[in-house]
Amino acid sequence: MAAEDNNPNKALTNTRFSDLNPPISEPVLDALSRSGFEFCTPVQAATIPLLCGYKDVAVDAATGSGKTLAFVIPIVEILRRASPPQPHQVMGVIISPTRELSSQIFKVAEPFISTLSNVRPMLLVGGAEVKADMRKIEEEGANLLIGTPGRLSDIMERMDALDFRNLEILILDEADRLLDMGFQKQISAIISRLPKLRRTGLFSATQTEAVEELSKAGLRNPVRVEVRAEVKRQKDLTSSQQVASSKTPSGLHLDSQPD
Ligand SMILES: Nc1ncnc2c1ncn2[C@@H]1O[C@H](COP(=O)(O)OP(=O)(O)OP(=O)(O)O)[C@@H](O)[C@H]1O
């Protein structure tokens, strides 16, 4: 989880979730308010409108910047607009490097996904029997897959019953770690089974050459969002502030205002 110094509570923007454009739906605003979240972190203020506005994003954001909600909220909003899926129609895939991170994303996403009436999320990580996962998917269906690359690609290869043709969104979380851990092959296998016409969000704490390659292979004209810690110069020389700036491939800047 987030380190104390990176706690987004220290680095909220003055943008309320209710101010974002396109607007966030009432059920999601209610779920945010139940969690005590009113103001966006910089990465949320910059990324949520872009993904909701049908853009691909490549986000440079550190651990603890609030990036989980920066992709969970757009997924829920996009799926709310889409036709209700059939039980085995997969509308979204979130790939993250470890079981713990995948479980954490699943837990954060659950209260927001539950505002949708027909979308079943499924956590797919190593450790448990793959056959048990397959049985569960067969019996219950699965519309949003959250998991680690090995288990996800294994399930996708084995289960013809899953239909990815209407997939809306793919998220690659902690892309630098995914690649450092040697998951390139599994990620390519997953992407090769997904429709090209989709939205993709890639989140990474460092921008390595391998991340750039993955971004080129998996994203279409992405808007780049950078969140960096900046030292406040006027009042408090020691406190840091996170600032998000984003730019389109053509170089247009879309700065989000910090406090
Ligand atoms: N807008 C917000 N307002 C207040 N707290 C928030 C907000 N968004 C997220 N948080 C809280 O900040 C913490 C870090 O958020 P989150 O786990 O999404 O960060 P992350 O960037 O995904 O970090 P990690 O990689 O460690 O999971 C969590 O405790 C989360 O509940």
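Look above for the structure.
Residues numbered from 1 in each chain as written. Predicted model: local features only at pLDDT ≥ 70, side-chain atom pairs only at ≥ 80, totals over all residues. Heavy atoms only, no water.

Enquirer: Account for the side chain of D56, naming residues and giving values.
Expert: Counting through the fold element by element, D56 comes out in the loop between α2 (42-52) and β1 (57-60). No salt bridge is formed by the buried D56, whose closest oppositely charged neighbour, R220, lies at an N-O distance of 5.5 Å. One polar contact links the side chain of D56 to the main-chain amide nitrogen of T200, over a distance of 2.9 Å. Within the structure, D56 has its side chain in polar contact with the backbone nitrogen of R220 (distance 2.7 Å). Excluding its chain neighbours within four sequence positions, the residues that come into contact with D56 are R198, R199, T200, G218, L219, R220, N221, P222 and V223. (Helix = DSSP H or I, 4+ residues; strand = E, 2+ residues; numbered from the N terminus. Buried < 20%, exposed > 50% of the residue type's maximum accessible area, 1.4 Å probe, protein only. Lys, Arg positive; Asp, Glu negative; His and termini not counted. Salt bridge = Lys/Arg side-chain N within 4 Å of Asp/Glu carboxyl O. Polar contact = N/O pair within 3.5 Å; in protein donor to acceptor, adjacent residues only side chain to side chain. Contact = heavy atoms within 4.5 Å.)

Enquirer: Tell me about the pattern of salt bridges, and name the residues and values.
Expert: Here the idea is simple: oppositely charged side chains can pair when their charged atoms come close. Scanning the model with the defined rule gives 11 salt bridges in all. A salt bridge links E140 to R120; the nearest nitrogen and oxygen atoms lie 3.3 Å apart. Of this pair, E140 sits in helix α5 (residues 130-140) while R120 sits in the loop between α4 (99-113) and β3 (121-124); the two residues are 20 residues apart in sequence, bridging distant segments of the chain. With its nearest N and O atoms 2.7 Å apart, the salt bridge here joins R151 to D133. Of the two residues, R151 is situated in helix α6 (residues 149-158) and D133 in helix α5; the sequence distance between them amounts to 18 residues. What makes R151 buried here is its relative accessible area of 12%. Here the salt bridges do not stand alone but share partners, grouping K67, D173, E174 and R177 into one network.

Enquirer: Describe the site of the ligand, with residues and values.
Expert: Neighbouring residues of the ligand: 20 residues in total, closest F39, Q44, G64, T68 and Q104. Taking Q44, its side chain carries an N or O atom lying 2.9 Å from a nitrogen atom of the ligand. E174 is positioned such that a nitrogen or oxygen atom in its side chain is 3.2 Å from an oxygen atom of the ligand. In isolation the ligand has 620 Å² of accessible area, and contact with the protein removes 87% of it. Sorting elements by how many residues they give to the shell around the ligand places helix α3 (residues 67-81) first, with 3 residues. Tallied by class, the residues present in the shell around the ligand amount to 9 nonpolar, 9 polar and 2 charged. (Near = heavy atom within 4 Å. Areas by Shrake-Rupley, 256 points an atom, 1.4 Å probe, with all protein chains shown as cover. Nonpolar A, V, L, I, M, F, W, Y, C, P; charged D, E, K, R; others polar.)

Enquirer: Kindly report on the pairing of strand β2 (residues 92-95), identifying the contributing residues and their values.
Expert: Burial of the side chains of β2 extends over both faces: G92 and I94 are buried on one face and V93 and I95 on the other. Bridge count between β2 and strand β4 (residues 144-147): 4 bridges; the pairing is parallel. Within β4, the residue paired with G92 across the bridge is L144. Here β2 runs beside strand β5 (residues 169-172); their pairing, made up of 4 bridges, is parallel. The partner of I94 across the bridge, within β5, is I171. (Pairing = 2+ DSSP bridges.)

Enquirer: Which residues make up α5, and what values do they have?
Expert: Note on helix geometry: an α-helix contains 3.6 residues per turn, so any two residues three or four positions apart are oriented the same way. For α5, every residue scored as buried is listed here: V130, D133, M134 and I137. The arc that holds the buried residues of α5, viewed along the axis, is 100 degrees, so those residues lie on one side. Opposite the buried face of α5, by more than 90 degrees, sit the exposed residues K131 and E139. Looking at the buried side of α5, the elements it contacts are β3 and α6. (Arc of directions from axis to C-beta.)

Enquirer: Which residues make up the environment of A58, and what values do they have?
Expert: By the secondary structure assignment, A58 is in strand β1. A sequence separation of 142 residues divides A58 from T200, and the C-alpha atoms of the two residues are 8.5 Å apart. Apart from residues lying up to four places away in sequence, A58 is in contact with L202, S215, L219, P222, V223, R224 and V225.

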